[in-house]
2 protein chains.
Amino acid sequence: MTSKTSKTKKSKYVYFFGSGKAEGSAKMKGLLGGKGANLAEMTNLDIPVPSGFTITTETCDLFYQSGKKWPAGLEEQIKDNMKKLEHSMGAGFGDRDNPLLVSVRSGAAVSMPGMMDTVLNLGLNSDVVQGLIIKTENDRFAWDAYRRFIQMFGNVVMNVKHEKFEHILEKKKEQCGYKLDVELTGNDLKEIVRQYKKVYQEETGEEFPSDPYEQLSKAINAVFSSWHNPRAIRYRQLNEIRGLLGTAVNVQAMVFGNMGDTSGTGVCFTRNPSTGENKFYGEFLVNAQGEDVVAGIRTPEPLSDMAKHWPVIYKELCAIRARLEKHYRDMQDIEFTIQEGKLFLLQTRNGKRTAHAAVRTAVEFVKEGVLTEKEAILRVDPKQLDQLLHPTFDPKAKRDFLVKGLPASPGAASGKVVFNADDAEAWTAKGEKVILVRIETSPEDIGGMDAAKGILTARGGMTSHAAVVARGMGKCCVAGAGDMKINYDAKEFRIGNRVIKEGEFISLDGTLGEVYAGKINTVEVQLSGDFGKLMKWADKFRKLKVRTNADTPKDSEVARNFGAEGIGLCRTEHMFFEGDRIIAVREMILAENKEGREKALQKLLPIQRADFEGIFKAMKGLPVTVRLLDPPLHEFLPHEDENQREMAEVLKVSPETVKQKVNSLHEFNPMLGHRGCRLAITYPEIYEMQVRAIVEAACNVKKQGIKVLPEIMIPLVGHKKEFDIIKEKVEKVIAQVFEEKKTKVDYMIGTMIEVPRAALTADRIAESAEFFSFGTNDLTQMALGFSRDDAGSFLGEYVAQGIYEKDPFQSLDQEGVGILVQLGVQKGRKVRPDLKIGICGEHGGDPESVEFCHHVGMNYVSCSPYRVPIARLAAAQAVIREKK
Amino acid sequence: MTSKTSKTKKSKYVYFFGSGKAEGSAKMKGLLGGKGANLAEMTNLDIPVPSGFTITTETCDLFYQSGKKWPAGLEEQIKDNMKKLEHSMGAGFGDRDNPLLVSVRSGAAVSMPGMMDTVLNLGLNSDVVQGLIIKTENDRFAWDAYRRFIQMFGNVVMNVKHEKFEHILEKKKEQCGYKLDVELTGNDLKEIVRQYKKVYQEETGEEFPSDPYEQLSKAINAVFSSWHNPRAIRYRQLNEIRGLLGTAVNVQAMVFGNMGDTSGTGVCFTRNPSTGENKFYGEFLVNAQGEDVVAGIRTPEPLSDMAKHWPVIYKELCAIRARLEKHYRDMQDIEFTIQEGKLFLLQTRNGKRTAHAAVRTAVEFVKEGVLTEKEAILRVDPKQLDQLLHPTFDPKAKRDFLVKGLPASPGAASGKVVFNADDAEAWTAKGEKVILVRIETSPEDIGGMDAAKGILTARGGMTSHAAVVARGMGKCCVAGAGDMKINYDAKEFRIGNRVIKEGEFISLDGTLGEVYAGKINTVEVQLSGDFGKLMKWADKFRKLKVRTNADTPKDSEVARNFGAEGIGLCRTEHMFFEGDRIIAVREMILAENKEGREKALQKLLPIQRADFEGIFKAMKGLPVTVRLLDPPLHEFLPHEDENQREMAEVLKVSPETVKQKVNSLHEFNPMLGHRGCRLAITYPEIYEMQVRAIVEAACNVKKQGIKVLPEIMIPLVGHKKEFDIIKEKVEKVIAQVFEEKKTKVDYMIGTMIEVPRAALTADRIAESAEFFSFGTNDLTQMALGFSRDDAGSFLGEYVAQGIYEKDPFQSLDQEGVGILVQLGVQKGRKVRPDLKIGICGEHGGDPESVEFCHHVGMNYVSCSPYRVPIARLAAAQAVIREKK
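What counts and what doesn't
Residues numbered from 1 in each chain as written. Chains lettered and ligands numbered in written order. Predicted model: local features only at pLDDT ≥ 70, side-chain atom pairs only at ≥ 80, totals over all residues. Heavy atoms only, no water. Contact = heavy atoms within 4.5 Å. Buried area = accessible area lost by both parts, 1.4 Å probe. Salt bridge = Lys/Arg side-chain N within 4 Å of Asp/Glu carboxyl O. Polar contact = N/O pair within 3.5 Å; in protein donor to acceptor, adjacent residues only side chain to side chain. Helix = DSSP H or I, 4+ residues; strand = E, 2+ residues; numbered from the N terminus. Buried < 20%, exposed > 50% of the residue type's maximum accessible area, 1.4 Å probe, protein only. Pairing = 2+ DSSP bridges. Least-squares fit on C-alpha atoms with pLDDT ≥ 70 in both. Axes fitted to C-alpha atoms, helices over the stretch in contact; angles between N-to-C directions. Parallel < 35°, antiparallel > 145°, perpendicular 65-115°, else oblique. Nonpolar A, V, L, I, M, F, W, Y, C, P; charged D, E, K, R; others polar.

With 56 residues of chain B at the interface, the matching set in chain A holds 56 residues. Across the interface of chain B and chain A, roughly 5100 Å² is buried in total on both sides, 53% from carbon and sulfur atoms. When the area that chain B buries against chain A is broken down by residue, the three leading residues are Phe668, Leu672 and Lys721 of chain B, summing to 13%. Seen at the junction of chain B and chain A, the total is six salt bridges. In this structure, Arg757 of chain B engages Glu815 of chain A in a salt bridge whose closest nitrogen and oxygen atoms are separated by 3.5 Å. At the junction of chain B with chain A, the criterion picks out 31 residue pairs in polar contact (both at pLDDT 80 or more). Taken together, the elements giving at least two residues each to the side of chain B that touches chain A come down to helix 10 (230-239), helix 26 (677-682), helix 28 (720-741), helix 29 (756-760), helix 31 (776-784), helix 32 (792-800) and helix 33 (817-831) of chain B.

What follows is the structure in structure tokens.
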């Protein structure tokens, strides 16, 4: 990280910034740390920032090399720079009449929250504090500043525990009968300072230093030492930060907005962060400090009023606004302080904004010639688009927080609580809005999930049934809210002592994963022209195609409107549940032999064919990848006694027969059990029916003059021979249908790559398979050995302890699962260079994973309909970033 | 496969063998096929085999190239060779007075059961059959030969269905009131021949050919054509046989042992196949055909009597015996026929033998100077050693077959049926021998499993709990006998209509995986000096160390006696069940917080420490790899209401508390759930207690003057950071114990590689881990996506359809899982060249997998105690084969 320049000028330890000129610049992060480099950059832009100086990271290194001693010359350089600083600020360090106070902060090349905290107000002593009282005419402020300084210095520099100081403060308030800190008077605080100093001496064995330079050198040493404190070491380990020399130390003049009526403070955005409108936006307070704004003790005035109050300063601020936007080429979030008529910028950073504002500013920056289209594309966080595509709660509405879960499917919804799918359908039919609350959902609940406005579950992760289905429906879902105890019998759920009963209103924020009591108004989706423009630009640059995971004509339609270029995953099992078809499915499962199964499958054939006709028509010639039956058969059977009895009645068998079948199909680890193409190895007739339905539908739709492109996908393949055996049977059926229908359609036969063995032997499988679709949900489960339904009990801890940075079911584990994906792509293409490769796991809608898919050379990603725009944008960003 | 010689002599299509000289040899398998090359070899050895000739595989290729036509010159060469054959046999092809009959057989370079069957007795027609009657003075034999010829020719050459012929035979028997074929007279058979010919004409549209040369050319074409029949193509596909030209055709003279009192037939072994004794062994029959011996109609005489009956021929046979053993350098299994005083060898092959015989003959061949030690090592199939190490059933005892399961743990046992572990212990305490019959076993059953003589389960595969534990105990086990319906309430099990009740005797053959009704006497283990000698030789050559999987001092002792060089896997969870300790374990699980857990763990500490002391002492300084707790916590809780109530009583909590805990720990896929080191991430105190127990034990044992080498193994690691976090805690505990004990011991900290991600990122993990142990059971489960407990429902079909050649839980799937293992070894050693690597999955005792482990460069394999000798032998074979 060290630049060559710095190495040759070895004896320069300190870099000054102030009075419109800095010795450093934004490029010198390695030497000056991130904070130091940015302060230098702003200074060079002629932005008025409080002056200061930065002690380099190399100095920190030398400090350690020489056994925690300062290198020769450092002291001198610090003193020289302090002189410059006094000059620049027109005040003196330790000067009672015109005191200069400074802050001391750490700042490595990479932001490290694990390191030292800040020391403010350094330079105060019993002498200087008197000067400050006179100058500010505010003894309360001065003593409070001193008190704070002693506490920070004691804690940060000398490791005196916070409680030691807090205890004194609390006792004082108790004695005086105060409730709030602000009730303390100047005299109270003066007394507290006395007691603080006493504690300091008791704890450290030395007096609180009154010499400002002693204060400063101790603080600098503390910052250096913080580089090797256990928190910082641990942070670097976990985040794999290596090769840094140490931390820089930033010493910067303190400025105060509470020095009378020519002082003040404010926060502003260069554009409206909520709408993106190009209008200076913010608020300010006269004679106040930043804390006062935050504490909400006084109500700030809108920034526009500043033009009247301080016309000159306001003009200066407007000029800075323009300069900052031009320099950083982005909307800025600015903090400023006015000290006795002089404007100081304390911070500027890219402003946080809503999705609407992000899209609008990006598009308008292009119009203004500030950004290119490519740059504009990079400016919008794809994940933020969720906000645009789903309803949100009225931001002004009050939220009565109940419980937190996982943000399983974005959006916002309010409705009455119901506890089962049947009720959800019945209540909705009566015109009620409902939220379906379940411990977990299963495929039997599809109807109720569709009817409900939102879904809330107590169990399950980001790829649980509820989450996947809800995202597919574009419906808001909070999953795995483990603190919620559901009692189906009592029709209520509890969170701590609160009880919510059936029929009560709750509200879900699926974007945050939060649940609130009561009803909250929602703001509906409105897509702007800017959004369309940005998407068009994205389409121009991206190389990955974007498909959708859709199982119904309706979903297909939605996705096509969002720009989907085909279906990457059409799950056929959801089709098995609707209406009466589940009866035929169960008949098939109960059948004693192949003939019985075939008889039941015959009943399903016309229904499935009609399903596929609908989907093919909706997709108008775009490719449709149909996955043949995947889940284990027991998922289609009822597990509760009563439902088993009902099923037995319908199928005219004994309840024992049903129960026995359910028991015989029970598996210890269904995830690794008898499912996917394994069903086709043992019961080939199931896939034969499905293939017939697909191909008959394709021929029928073709006869109506609509193009069709079915891609038949065999799930859970692990071995080439397995694929070959099934492929042979599939081809036989296709040939038969072509002959019967006297027509042909183009088709492909390929496989999911979701079992690790398939990725490892992808070269073998590609000899037979015409396309691969990475099923990264299951691939992640098997490669990591994490059951997505069970990982909730430890995954939180794994992310908290930094083992996985993100939930690997949300964002592809590139370091691990990624190796399998890369191997699969490379091996597959080695054998079949034109192999079509995509991804259809949930990761297909995660921006970072989309970028990964682009890099490994996939042809497309497939995601749930509401994530299609996100994937389009992410795919474009991947291309643009790559070229940079 | 084609040799250069054959290519230059392109016009030679036919190779003769006979009269002590052959044009081919054993080296010409590519050109002559396996059978043809062997016939040539025997002829060259001057072994009297019936003469004949082989049409080359190249000819088959040419036949296809020219559109199923014979190449020019083939017909002539066949005729020439037939002349030679007639001369050699002293008979004429189609000669009524002295007929030569031939067999026609296919024979590719690789044995292919999917190809054409044999045609025997070719050359017969209505004329020749008369000559045969006169010659054999046996019209029944002659007509039966003719009948069989027509049927075989019709079926094999012309595709007439067997049923067409069988139907005629059955009708005839019915008409005559016969039950058996042998009751048919010569006249009956003559009539059948007439009808056969009629059917032949009806089905083929042509008359049955009477010209022997026409018969021959049709049969040759049929053999050629069989190369491309669907069965053969499928067989080659499944077995990945590629690059072969086609099949050879073998035409060989028929000889008959039923041509009067100077004729006969017999089967013999050059040594006793049961004991290995160097004594000519076999039986013969005068005036009989091979079939008669097989059919058991007449009782054959012992070979020794032949010396009296036919002294000259016997002497000749003895000379051949010596010559064959010398040539093939192995015990031979010989079939011979004597036709009118002339001895013909029909077949010689390496004789199948018992394990005892295999070991004895191998060692004696070395003594006799026939084999080197290395060759002798290769002569014993390591798998066969199971026979030596476990009791077997008296081979003469009758077996009343009940049901087949998986051969989960070898050996044989008889006992009374009990249905739960408690009964097994109680009955055994009363002096009964019992077989424990369960749907499946769980860790709670350990005590009963130990008490029982054998274990039988209805569910579970080769690596199910029952199988793994039984193998560890060296106890016979049949697992996954799915046809068995167990009714715990009625204390009985059913197989079809048979009911076996508690207390009835059954017998298990764990080597075959079969269950019999009643009691069968067993032959106990007796290890010979020859066995010890062979093992010593093996140890001299092998490079892999062989360790054992053992959890108790007793198992450790057994394994060390079998030659184990350390413990590769000491599972600590089994220790959690014994006696009262399960109470403390459950107390820990029920605890509300860390303090509660630590309190319960404190109770376990001294017990675990004592366990480890016992094991360390038993291993006397050999390395001991201890795996920290692996299974999910719910395995330690009772799942049945009654047991839950008992537990609640013992722990003084409400039964609801227990039930709730059980429910909250329930997992959908426990295999991929909260277990292994994941427990240590969430509850570090468990491993901390275990590590303390290990290290305290090591220090204590060291103080007694015994060397100790503990290797602490962290299971289920998938991510380096996961390992690092735990390692840090483990090292802290070790340092504490060293300080407390004022001593130190050598130790290592390593990990299992059993999650695919761990193998994929082994380079990262090896930065921290000092050793790897491949847990290929779990690695197979996750890489293939096969739950070993559930795969029973489809794995049989997978092996039957040839997708996997073997159960991948028995023999490592080298093509798939093997890639992960190789990656893991390579990546690990790249970072840490001296990384110690072993395997501790069940594959560590499978000879082929051991060979694989040798090839990838592991340091050791670890297997259950009774498999240690198998692994030692397999490891030596791997080295010897590699050098060859």
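Turning our attention to the pairing of strand 1 (residues 14-18) of chain A. Residues and elements named next belong to chain A. The element strand 1 is largely enclosed, with a buried count of five among its five residues. Of the two faces of strand 1, the one carrying Val14, Phe16 and Gly18 and the one carrying Tyr15 and Phe17 are both buried. Examined bridge by bridge, strand 1 and strand 3 (residues 52-55) share four bridges and lie antiparallel to one another. Directly across from Phe17, in strand 3, lies its bridge partner Gly52. Relative to strand 2 (residues 21-22), strand 1 runs antiparallel, the two being bridged by two bridges. If you follow Gly18 over to strand 2, its bridge partner there is Lys21. Where strand 1 hands over to strand 2, the hairpin turn is made up of two residues, of which Ser19 adopts a positive phi near 55 degrees.

Time to look at the relation of the copies chain B and chain A. Mapping chain B onto chain A calls for a rotation angle of 180 degrees and an axial translation of 0.3 Å; the resulting RMSD is 0.2 Å. On this basis, the relationship between the two copies can be described by a two-fold rotation axis. Scanning chain B for the C-alpha nearest the rotation axis identifies Asn669 of chain B, at a separation of 2.2 Å. When the interface residues of chain B are mapped onto chain A, 100% of them are again interface residues, pointing to one common binding face.

The subject of this paragraph is the packing of helix 6 (residues 139-157) of chain B against helix 7 (residues 162-176) of chain B. All names here are of chain B. Two numbers describe how helix 6 lies on helix 7: the axes approach to 9 Å, and their chain directions differ by 155 degrees. Considering their axes alone, helix 6 and helix 7 lie roughly antiparallel with respect to each other. Residue-level inspection shows Arg147, Ile150, Gln151, Gly154 and Asn155 of helix 6 in contact with helix 7, the latter providing His162, Phe165, Glu166 and Leu169. Of the residues in the contact of helix 6 with helix 7, the class split is three nonpolar, four polar and two charged.

Before going further, it helps to spend a moment on the side chain of Arg675 of chain A. All names here are of chain A. Take Arg675: it is sitting in the loop between helix 25 (655-665) and helix 26 (677-682). There is a polar contact of 3.0 Å between the side chain of Arg675 and the side chain of Asp630. At 3.0 Å, the side chain of Arg675 and the backbone oxygen of Met671 are in polar contact. Sequence-distant contacts of Arg675, defined by excluding residues within four places in its chain, comprise Asp630, Pro631, Pro632, Pro670, Leu716, Asp778 and Met782.

On to the pairing of strand 28 (residues 567-571) of chain B. All names here are of chain B. Most of strand 28 sits inside the fold, with five of its five residues counted as buried. In this structure, strand 27 (residues 545-549) lies alongside strand 28, joined through two bridges in parallel fashion. When the bridges of strand 28 are listed, Asn549 appears paired with Leu569.

Once that is clear, we can look at the sheet that holds strand 6 (residues 102-107) of chain A. Residue and element names in this part refer to chain A. Strand order in the open sheet formed by six strands is 2-1-3-8-6-7, and the pairing between neighbours is antiparallel. If you trace the sheet from one side to the other, it starts and ends with strand 2 and strand 7 (119-122), each paired once. Where strand 3 lies against strand 8 (residues 248-253), four bridges are found, and the strand directions are antiparallel. Note that in strand 8 the partner of Thr54 across the bridge is Asn250.

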